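# Architecture at a glance
Residue strings, one per chain:
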Amino acid sequence: MSQGMTFPVDPIVTSVIQHRLLAIVEGMGEAMLRTSYSQILNSSRDFSTAICDLDGRLIAQAEHVPIHVGALPFAAKSMTEFFAGNIHQGDVFLLNDPYHGGNHLPDLTAFVPVFEGGNGDGRLRFWSINRAHQSDIGGATHGAYNAAATDIWQEGIRITPLRLYDRGEVRRDLLEMIVTNVRHPRDFRGDLAAMIGSTHVGERRMLALAAEFGWPTTNAAIEAVLDGAERQTGAEIARWKDGVYHGEAMLDDDGRGNDDIHIRATVTKRGSDLVIDLSDSHEQLASFVNSSYPNMYSAVVVALSYLIDPNTPKNDGTFRPLTIIAKPGTVVWANPGAPVTLATNHCAQEILEAIIKALAPACPDRAMAGWGRRFRIAIQGKDPRSDKPFIWHFFQARPGGGASPAGDGWPGAGEWQAAGGIKFGSLEVTEVRFPLFFRRHEFRPDSGGEGKFRGGPGGIAEVVVETAEPAVGNTAGDGVRYGACGILGGTDGAPHRYTLYSEGQPRRPIKTKEVGLTIRPNDVLVLESGGGGGWGNPGKRDPEAVEHDVENEFVTAAKVAPPPPASRVPPSPRNAGRGPG
């Protein structure tokens, strides 16, 4: 929503306010990091913070989890419209429904309104927002990822725009209803309190900013920041070669027996504008790989964010040069009611992969190769040390980052849609909190794709499950068949390989989309994640870089050794026509 008439602001003042906005959302993140209960938040950092205006324009966001941020404006607009004329100082609102601006059900979002007057007697200006992934959100399976879901009601509790605090007073009936629907109420309460505290930090600091500069100057500077981001993005796009480009990315499967789920992007670049058409993507599926529109939009703006100058602020202005075309009823824009829990990873990662593949010929100096895909396992069991239930989400042994014109991919950096924003938890802390023992945790040799610049290696985690009774595992992910894409001549990264070892049983490959996996006491999980894709012609790699790869065991000597010359001796008659003995 435009904040009314604006006027020119001194560029130095504008710059100061721009950096203050960034400091505010980063401060919100620090408050969340230091007060949340669950390891998925206080260690792995699966949350994001932002400021939006009432129309849902993104004013500022911290660089936490990119896939969250593009969807937040839809959620803010939903909240404004639903409670129009009935928003008060001290109110706190919640939302997680993907069809009202959420990404997926585990990503609960808290909103606090920011009023012009410190006592709430002035004009409503902004939303202070925290979106955080909950370790459980109810539904048919622990940990929220239900590979068996055929509709969204099997994935968890859906929270459409909801007022949790009314003028500073908690609505206890609503809070108890929500808490009753999750498996670990203590952690949920603690994480929710941290989220609300984080949004209040944003509220207080926005008010302090306005008190220092005045609302007219603050609003005018914000408009200048948004307009400046639009100019910077447009100038970068204008450098690229005009044309119509095509890119395609594939998911392994949908967990329902359908393989090779395609995402296709047709990108038209003219001057400083981009039109991205995803209409030719696979039809909607009865699987949690579907995406809602807000999540799809978020994946598209993430792709653009990776192609522009990293110093350009990511806000509403940044994405104005973008036009998106998509078709309802496709996997990228499913009709309401479809399951979507995996969508923040897959198909989001394939959406941005298809776009970057398409645009790579237009801007080869900006395009990076694919990052490793996501493959999470969530284990539910009982800790014999405390006799209490637990849910553990596997975040260790992150896949490798993609290579780029700037150099090799980051080792163990994670998935593309998060770009290093989600960390792996401390092994020592994990072993204290959960009945697990890590025999090893290291980089996976030869997993990164080859290129002028090498993809980052994935990881290996060997984990002993030290329960006294069987536990249950659910998986959610992709990338056992398709590794991270190489680009501009680089090769793909190695795919994932997850294996369960049980005494007296043959080793069992773990599928990317399954529920009800029985994990017996002292079973061993060997979880090998994929590497990032390579960038550019492998023949142009610096020989010293190859030596460095071998020295650091990112690549084995056998991988880089030239193949032996083909034998010129004809086969003996006794072996002619026979395969290997």
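Okay, so let's go over this structure. (Residues numbered from 1 in each chain as written. Predicted model: local features only at pLDDT ≥ 70, side-chain atom pairs only at ≥ 80, totals over all residues. Heavy atoms only, no water.)

### A look at the nonpolar core
- Ranked by internal contacts, the top residues of the largest apolar core, which has 115 residues, are Ile351 and Leu359.
- Ranked by the residues each element gives to this core, the list is headed by helix α8 (residues 293-307), at ten residues.
- Ignoring anything within four residues of it in the chain, the contact list for Leu359 reads Trp240, Tyr245, Val267, Leu274 and Leu307. (Core = buried A, V, L, I, M, F, W, Y, C linked by side-chain atoms within 4.5 Å. Buried < 20%, exposed > 50% of the residue type's maximum accessible area, 1.4 Å probe, protein only. Helix = DSSP H or I, 4+ residues; strand = E, 2+ residues; numbered from the N terminus. Contact = heavy atoms within 4.5 Å.)

### Observations concerning the sheet that holds strand β6 (residues 162-166)
- Here we have seven strands laid out as an open sheet, ordered β2-β1-β5-β4-β3-β6-β7, and antiparallel in their pairing. Lying at the two open borders of the sheet, with one neighbouring strand each, are β2 (58-61) and β7 (169-170).
- Bridge count between strand β3 (residues 92-95) and β6: three bridges; the pairing is antiparallel. Bridged to Val92 within β6 is Tyr165.
- Against the sheet, helix α5 (residues 172-180) touches β3, β6 and β7, its axis set at about 130° to β6.
- Along the sheet face, helix α7 (residues 215-239) touches β2, β4 (107-115) and β5 (124-133) and points at about 55° away from the line of β5. (Pairing = 2+ DSSP bridges. Axes fitted to C-alpha atoms, helices over the stretch in contact; angles between N-to-C directions.)

### Notes on the layout of surface pockets
- The calculated volume of the largest pocket comes to roughly 820 Å³.
- Lining the largest pocket are 33 residues, and of these Ser305, Tyr306, Pro310, Met368 and Ala419 sit closest to its centre.
- Looking at the lining of the largest pocket, the elements that each hand over two or more residues are α3 (66-69) and α8.
- Ranked by the residues each element gives to the lining of the largest pocket, the list is headed by α8, at five residues. (1 Å grid on protein atoms, 1.4 Å probe; cavity = no way out; pocket = protein on both sides within 12 Å on 5 of 7 lines; lining within 4 Å. Points joined across faces, edges and corners; volume = space filled by probe spheres on them.)

### Topic: unusual backbone geometry
- Its identity as a non-glycine residue notwithstanding, Arg167 has a phi of 55°, on the positive side.
- By relative accessible area, Arg167 is classed as exposed at 52%.
- Of note, Leu488 is a non-glycine position whose phi angle comes to about 55°, a positive value.
- Along the chain, Leu488 falls in the loop between β16 (471-477) and β17 (497-501).
- A relative accessible area of 36% places Leu488 in the partly exposed class.

### Thoughts on empty space enclosed by the protein
- According to the stated counting rule, one finds five cavities of 30 Å³ or more in the structure shown.
- What lines the largest cavity is a set of 17 residues, and nearest its centre among them are Asp46, Thr344, Asn345, Arg376 and Ile422.
- Taken together, the residues of the lining of the largest cavity break down into five nonpolar, six polar and six charged.
- Looking at the second largest cavity, its volume works out to about 70 Å³.
- Taken together, 14 residues make up the lining of the second largest cavity; nearest its centre are Phe375, Phe394, Arg398, Glu415 and Tyr498. (Nonpolar A, V, L, I, M, F, W, Y, C, P; charged D, E, K, R; others polar.)

### With respect to the packing of aromatic side chains
- Across all of its chains, the model carries 16 aromatic pairs by this definition.
- Measuring from centroid to centroid gives 6.2 Å for Phe126 and Trp215, while their planes differ by 25°, and the two rings are stacked. Residue Phe126 is located in strand β5, and its partner Trp215 is located in helix α7; the two are separated by 89 residues in the primary sequence. Trp215 carries the same exposure label as Phe126, and that label is buried.
- Taking 3.7 Å as the distance between ring centres and 5° as the angle between the ring planes, the aromatic pair formed by Phe375 and Tyr498 counts as stacked. You can see Phe375 sitting in strand β12 (residues 375-383) and its partner Tyr498 sitting in strand β17, a full 123 residues away along the chain. (Phe/Tyr/Trp six-rings, centres within 6.5 Å; stacked < 30°, edge-to-face > 60°.)

### Things to note about the sheet that holds β16
- Here four strands make up an open sheet; going across it, the order is β13-β12-β16-β19 and the pairing antiparallel. Looking along the sheet, the strands with just one partner apiece sit at the ends: β13 (388-393) and β19 (517-519). Averaged over all neighbouring strand pairs, the angle between strand axes comes to 25°, with direction disregarded.
- Two strands pair when backbone bridges link them, and β12 and β16 are joined in this way by six bridges, in the antiparallel orientation. Within the sheet, the bridge partner assigned to Ile377 lies in β16 and is Thr475.

### Regarding the pairing of β5
- In terms of burial, β5 is a largely internal element, ten of the ten residues being buried.
- Sheet topology note: the strand β1 (residues 47-53)/β5 ladder contains seven bridges and is antiparallel. Looking at β5, one finds that Phe47 is bridged to Ala132.

### Focus: the packing of helix α1 (residues 11-35) against helix α6 (residues 185-213)
- The contact between α1 and α6 brings their axes to 8 Å, and the two run at 160°. By the angle class used here, α1 and α6 are roughly antiparallel. Like other packed secondary-structure pairs, α1 and α6 cross with a definite hand, here right-handed. (Parallel < 35°, antiparallel > 145°, perpendicular 65-115°, else oblique. Left-handed = near helix turned anticlockwise from the far one by under 90°.)

### Re the pattern of salt bridges
- Within the structure shown, the criterion is met by 40 salt bridges.
- For Glu236, the salt bridge goes to Arg239, with nearest N and O atoms at 2.6 Å. Within this pair, Glu236 and its partner Arg239 are both found in helix α7, separated by three residues, close to a single helical turn.
- With a shortest N-O distance of 2.9 Å, Arg385 and Asp383 are connected by a salt bridge.
- Shared partners join several salt bridges into a network, and the residues in it are Asp253, Glu350, Glu353, Lys357, Arg373, Asp478 and Lys513. (Salt bridge = Lys/Arg side-chain N within 4 Å of Asp/Glu carboxyl O.)

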